[in-house]
Amino acid sequence: MRRFGRTNLALAVGLLHVAAFATHSLAQNPVRGEQLARTWCASCHIVRADQTHAVTEVPSFRSIARRKDFDKRSVAYFLLAPHPPMPNLSLTRAEAGDLAAYIASQK
């Protein structure tokens with residue numbers, strides 16, 4: 001019985017570490033997100049107010065941020081998975097979180 005309790009405690013501590021890592025790995029830095037957006041996204045999306053050229057069929061970051069169902073966490077996870085016609089960017093979790101934070105700042 002005693003060993004079972006220690007196992008549960010070890011499992012709980014491990015899960016807390018995973019949760020802390022997951023939260024940290026989606027750290028959101030909109031300044032870094034803007035840099036990523038200018039590098040990876042600006043050829044198709046309008047990523048800032050002073051940008052004049054983009055593909056007409058894709059939404060601007062501002063329109064994405066203003067959607068009623070917009071959620072930074074959901075956008076970050078969306079960016080992590082390949083989703084044609086967008087190219088597979090192979091972003092890290094931190095980069096996806098940064099991009100999502102930058103998109104949110106465009107409201």
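This structure is a prediction, so every number in the text was calculated from the model and none was measured. (Residues numbered from 1 in each chain as written. Predicted model: local features only at pLDDT ≥ 70, side-chain atom pairs only at ≥ 80, totals over all residues. Heavy atoms only, no water.)

Visitor: Can you walk me through the nonpolar core in this structure?
Guide: Where a protein is soluble and globular, its nonpolar side chains tend to be buried together. Residues Ala-37, Val-47, Phe-61, Leu-99 and Ile-103 are the most contacted members of the largest nonpolar core, which totals 20 residues. The set of elements that each furnish at least two residues to this core consists of α2 (30–41), α3 (61–65), α4 (72–80) and α5 (93–104). For this core, the element with the highest residue contribution is α5, accounting for six residues. What Ile-103 contacts, discounting residues up to four positions off in sequence, is Phe-61, Ile-64, Ala-65, Phe-70 and Val-75. (Core = buried A, V, L, I, M, F, W, Y, C linked by side-chain atoms within 4.5 Å. Buried < 20%, exposed > 50% of the residue type's maximum accessible area, 1.4 Å probe, protein only. Helix = DSSP H or I, 4+ residues; strand = E, 2+ residues; numbered from the N terminus. Contact = heavy atoms within 4.5 Å.)

Visitor: Help me out: how do you make sense of α2 in this one?
Guide: One turn of an α-helix holds 3.6 residues; hence residues three or four places apart share an orientation. Taking 1.5 Å per residue as the helical rise, α2 with its 12 residues ought to reach 16 Å, whereas the 14 Å between its terminal C-alpha atoms falls clearly short. Among all positions in α2, only Gly-33, Leu-36, Ala-37 and Cys-41 are buried. Down the axis of α2, the buried side of the element spans an arc of 105°, and every buried residue falls inside it. Turned more than 90 degrees away from the buried face of α2 sit Val-31 and Thr-39, all of them exposed. Residues of α2 that are buried sit in contact with α3 and α5. Taking the backbone nitrogen of Val-31 as reference, a side-chain oxygen 3.0 Å away marks Asn-29 as the first, capping residue of α2. (Expected span 1.5 Å × (residues − 1). Arc of directions from axis to C-beta. Polar contact = N/O pair within 3.5 Å; in protein donor to acceptor, adjacent residues only side chain to side chain.)

Visitor: Can you walk me through the confidence of the model for the protein chain in this structure?
Guide: Close inspection of predicted coordinates is inappropriate for parts of the model with low pLDDT. In the predicted model, the protein chain carries a mean pLDDT of 82, and the fraction of residues at 70 or more is 75%. Here residues 12–18 is modelled with pLDDT under 50, and outside its nearest four sequence neighbours on either side it reaches zero contacts, counting other chains as well. (pLDDT = per-residue confidence, 0-100.)

Visitor: I keep staring at the packing of α2 against α5 and nothing clicks. Help me out?
Guide: For any two helices packed against each other, one specifies the crossing angle of their axes together with the interaxial distance. Close contact between α2 and α5 brings their axes to 7 Å; oriented N to C, the two are set at 95°. Judged by the inter-axis angle, α2 sits roughly perpendicular to α5. In this structure, α2 contributes Pro-30, Arg-32, Gly-33, Glu-34, Leu-36, Ala-37 and Cys-41 to the contact, and α5 contributes Glu-95, Asp-98, Leu-99, Ala-101 and Tyr-102. In terms of residue class, the contact of α2 with α5 is made up of seven nonpolar, one polar and four charged. (Axes fitted to C-alpha atoms, helices over the stretch in contact; angles between N-to-C directions. Parallel < 35°, antiparallel > 145°, perpendicular 65-115°, else oblique. Nonpolar A, V, L, I, M, F, W, Y, C, P; charged D, E, K, R; others polar.)

Visitor: What am I meant to see in the environment of His-53 here?
Guide: Tracing the sequence through the fold places His-53 in the loop between α2 and α3. You can call His-53 exposed: its relative accessible area is 66%. The spatial distance from the C-alpha of His-53 to the C-alpha of Ser-43 is 7.7 Å, given a sequence separation of 10 residues. Contacts of His-53, omitting those with residues within four sequence positions, involve Ala-42 and Ile-46.

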